[in-house]
Each structure stands twice: as structure tokens, then as C-alpha cells.
Amino acid sequence: MTESMDSHLLMSLQSAGSADPMTIDLKLVECVLSAATACVDNAALLGKIADEAKNGAARTAMTAAVEQLEPAALKRLEWARETQQVMVVAAAKHPTVQDVGNGVESVVAKVKTH
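Presented here is an overview of the structure given in this document.

Reading the values: the criteria
- Residues numbered from 1 in each chain as written.
- Predicted model: local features only at pLDDT ≥ 70, side-chain atom pairs only at ≥ 80, totals over all residues.
- Heavy atoms only, no water.
- Helix = DSSP H or I, 4+ residues; strand = E, 2+ residues; numbered from the N terminus.
- Salt bridge = Lys/Arg side-chain N within 4 Å of Asp/Glu carboxyl O.
- Buried < 20%, exposed > 50% of the residue type's maximum accessible area, 1.4 Å probe, protein only.
- Expected span 1.5 Å × (residues − 1).

1. Quick word on the environment of D41
The residue D41 is located in helix 2 (residues 21-52) in this model. Between the C-alpha atom of D41 and that of E70, which follows or precedes it by 29 residues, the distance is 9.1 Å.

2. As for the pattern of salt bridges
Going through the model one piece at a time under the given rule, you end up with 1 salt bridge. With a closest N to O distance of 2.8 Å, E30 and K27 form a salt bridge. Residue E30 and its partner K27 are located together in helix 2, separated by 3 residues, close to a single helical turn. Given the relative accessible area of 25%, E30 is considered partly exposed. By relative accessible area, K27 is classed as partly exposed at 39%.

3. Describing helix 2
Spanning 32 residues, helix 2 covers 47 Å between terminal C-alpha atoms, matching the ideal 46 Å at 1.5 Å per step. Among the residues of helix 2, L26, V29, L33, A36, V40, A43, G47 and A50 are the ones counted as buried.

4. Remarks on the environment of A91
Along the chain, the position of A91 falls in helix 3 (residues 57-93). What makes A91 partly exposed here is its relative accessible area of 24%. Residues A91 and T23 lie 68 residues apart in sequence; the distance between their C-alpha atoms is 9.5 Å.

And the structure:
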């Protein structure tokens, strides 16, 4: 199932020829954000399973895996969040976006007065 989702995601991005590069980049970052969130959640789930397991080799191995996986997953998640925020704020500050926003405000003001 994961391979199918991955291949469909790649096909979607490859067929996004009419989208501007920034939009494609933002969608890629959102994919990383989604994947990183799943990794953090999976590490937490493995930790819960380890907590419920009987003492022994399996519990020790799962706990060790969580200790190794969780910091990296959290680091990727934080990177994706920060990158998404930087990209969206940069896009919002772009002069074209601000001009469109000003135009919309002008039209709304005219509609309200009529």
C-alpha cells in the first residue's frame, strides 16, 4: 500500500507541469511534513507496544529502536514545519500576492458601499 501511495504521489508531482516551481516545492515540503508526522507517530506507537510488552529481548529491542528513531523523526518533523512556514510567509510577502490582496480589498470595499 505504501509503495502505491508513493508512486501516485510522484506521478502527481511529475504531472504538475502547469504549477509554478514554488507551489511544487511547497507540496514536496508538505509531503515531507506528512511523512515525518507518520514517523513520529509510528515511533510513539512502537514505544506504547514496548511499554505493554513483557520484560525480555523484544521489549528491550523495541525500546532501543524508539530511542534511536524518535530523535531523528522529531528533527525531520521540525525541519518540515519550519520550512513550510518560511515558504508560506515568503510567498505571502511576495509583491504580486500583496497586489492581489490589495485588489481584493478594494473590490470588497466597493461592493460594501453599493
